[in-house]
Amino acid sequence: MYAYGPVPSRRLGKSLGVSPIPPKTCSYSCVYCQLGRTNHLQARRESFYPREDIFKDIKTVVGESRPDYITFVGDGEPTLCKDLGWLIHECKENWDIPVAVITNGSLFYMEDVRHDLMEADVVLPTLDAGSEELFRKINRPHPDIAFDKMLQGQIDFRKEYHGKIWMEVMLVAGLNDSDEALAGIKKALDMVRPDRIYINVPIRPPAEPWAKPPEPERIMAAHGLLGKTIDIAGYESGNFVVDEFKDARTAILELTSRHPLREEQARKIEEKFAEKIVDKLVSSSELVRVNYRGKVYLLPSRFRRGGSNENNPTGV
Ligand code: SF4
């Protein structure tokens, strides 16, 4: 299944998600990634699946719901999909629904990636660092992607693209929350000139358990230093639309494969289908329970997570 939802999104409202790439394929392996460590670290684009099959799946899910956005997001980096431009074009031809792309922005140095995104209404890239050193520590990119190359790609994209760019900066305690790190990010943001800047913090269990949100005063400092910013560091509101699923088991497994699900959200899904399944999925080890920031989350046991003291460059 390539299309799912709509799911509540903090930035996009009711968002119908589309993942055109296999899990978890990415050009980064961010310390805060909620999908675990990257299995396939790559910077080469591919047609992973027949594009017609992906579009057929989008058609089915759109037919059952009226989302605020069709969002290409991926279980990793969606611009790695060579068919992204074609898929966006088909969506724009068939429906009057805005198209969004959530991307790490690392491949914008490729002309074909920038070209593929031209028809999207909004592109939501990421910029978490202002130096090569910090970039390597937080985003752990594919060796082909240097910081300057990535940043120049984002600058070029801004010049060519007339839609909206909503940048996300993910703050991690001890990594990019110092005044110095924030000044570097600000300099980079000034070069890209996004339409909006969202400040986020890890809210779900990250790939590296030591990756934590900064103290509230450092988050406030980031808002002050980075300029006109919007806070999205809270939890998303609204329930998941699960009508497309035949039972609670399928719904919970599908949703947790996209990102960790709070146990309370999974319980609501159980209620909707009048089916008790969460405890069974945990006892069969299909899902694991993880405590993070005072909440219990469910996530697939296949998500690769580091140990709490492993490779911790933050010292916090
Ligand atoms: S957070 Fe996004 S960019 Fe970073 S590893 Fe995960 S999927 Fe890739």
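Here, every reference points to the structure presented above.
Below: a short report on this structure. (Residues numbered from 1 in each chain as written. Predicted model: local features only at pLDDT ≥ 70, side-chain atom pairs only at ≥ 80, totals over all residues. Heavy atoms only, no water.)

Let us look at the overall build of the protein chain. Helix and strand counts for the protein chain come out as 10 helices and 13 strands. At 19 Å, the protein chain has a C-alpha radius of gyration in line with the 20 Å of a compact globule built from 316 residues. Based on the C-alpha atoms only, the size of the protein chain along its principal axes is roughly 50 × 45 × 35 Å. When each of the 316 residues of the protein chain is scored for burial, the buried share is 58%. (Helix = DSSP H or I, 4+ residues; strand = E, 2+ residues; numbered from the N terminus. Rg over C-alpha atoms; globule rule 2.2 N^0.38 Å. Buried < 20%, exposed > 50% of the residue type's maximum accessible area, 1.4 Å probe, protein only.)

Secondary-structure assignment places Asn200 in strand β9 (residues 196-200). Looking at Asn200, the relative accessible area reads 3%, which means it is buried. A distance of 3.4 Å separates the side chain of Asn200 from the side chain of Glu168, its partner in a polar contact. In this structure, Asn200 is in contact with Arg10, Glu168, Val169, Met170, Leu171, Ile232 and Ala233, ignoring residues within four places of it in sequence. (Polar contact = N/O pair within 3.5 Å; in protein donor to acceptor, adjacent residues only side chain to side chain. Contact = heavy atoms within 4.5 Å.)

This next bit is on helix α8 (residues 248-258). Along an α-helix, a turn takes 3.6 residues, which lines up residues three or four apart on a common side. Most of α8 is tucked away: 8 of the 11 residues are buried. When we look at burial in α8, the residues that qualify are Ala248, Ala251, Ile252, Glu254, Leu255, Thr256, Ser257 and Arg258. At its buried positions, α8 is contacted by β1 (3-9), β11 (261-262), α9 (263-273), α10 (278-283), β12 (287-292) and β13 (295-300).

A word on the pattern of salt bridges. Overall, the coordinates contain 24 salt bridges when judged by the stated rule. Where Asp121 meets Lys92, a salt bridge forms, and the shortest distance between an N and an O atom there is 2.7 Å. Here the residue Asp121 occupies a position in the loop between α3 (111-116) and β7 (122-124), and Lys92 occupies one in helix α2 (residues 84-94), the gap between them amounting to 29 residues. Between Arg218 and Asp179 there is a salt bridge, with its nearest N and O atoms 2.6 Å apart. Taken together, the residues span a long stretch of sequence, with Arg218 in helix α7 (residues 216-226) and Asp179 in helix α6 (residues 179-192) at a distance of 39 residues. Because the salt bridges share partners, they merge into one network encompassing Glu263, Arg267, Glu270, Lys276, Asp279 and Arg289. (Salt bridge = Lys/Arg side-chain N within 4 Å of Asp/Glu carboxyl O.)

On to the sheet that holds β12. As summarised here, the arrangement of the 3 strands in space is β11-β13-β12, forming an open sheet in which the pairing is antiparallel. The open sheet is flanked by β11 and β12, the only strands paired with a single partner. Judged from the 2 bridges that link them, β11 and β13 form a sheet pairing that is antiparallel. Bridging across to β13, Leu261 finds its partner in Leu298. (Pairing = 2+ DSSP bridges.)

With that settled, consider the nonpolar core. When a protein is soluble and globular, its nonpolar side chains tend to lie buried together. Among the nonpolar cores identified, the biggest contains 79 residues, and Ile58, Ile70, Phe72 and Leu117 are the most heavily contacted of them. With 6 residues, α6 is the single largest residue contributor to this core. Excluding anything up to four places from it in sequence, Ile70 contacts Leu16, Val18, Ile58, Val62, Cys91, Trp95, Ile97, Pro98, Val99 and Ala100. Judged by nonpolar contacts, the second largest core, of 17 residues, contains Leu255, Ala266, Val278 and Leu287. (Core = buried A, V, L, I, M, F, W, Y, C linked by side-chain atoms within 4.5 Å.)

What follows covers the pairing of β13. Note that β12 and β13 share 6 bridges and pair antiparallel. Counted as the bridge partner of Val288 is Leu299 from β13. Linking β12 to β13, which pair antiparallel, is a turn of 2 residues; within it Arg293 sits at a positive phi near 50°.

A separate point is the packing of helix α1 (residues 51-64) against α2. Following both chains from N to C, one finds α1 and α2 inclined at 35°, their axes separated by 10 Å at the closest point. Considering the relative orientation of α1 and α2, their crossing is right-handed. The residues of α2 that touch α1, namely those facing Arg51, Glu52, Ile54, Phe55, Ile58 and Lys59, are Trp86, Leu87, Glu90, Cys91 and Asn94. Taken together, the residues of the contact of α1 with α2 sort by class into 6 nonpolar, 1 polar and 4 charged. (Axes fitted to C-alpha atoms, helices over the stretch in contact; angles between N-to-C directions. Left-handed = near helix turned anticlockwise from the far one by under 90°. Nonpolar A, V, L, I, M, F, W, Y, C, P; charged D, E, K, R; others polar.)

Right, let's get into the packing of helix α5 (residues 147-160) against α6. Contact pair α5 / α6: the axes reach a minimum separation of 8 Å and the direction vectors enclose 35°. Residues Leu151, Gln154, Ile155 and Arg158 of α5 touch α6, and the partners they reach there are Ala188, Met191 and Val192. Its residues assigned to classes, the contact of α5 with α6 shows 5 nonpolar, 1 polar and 1 charged.

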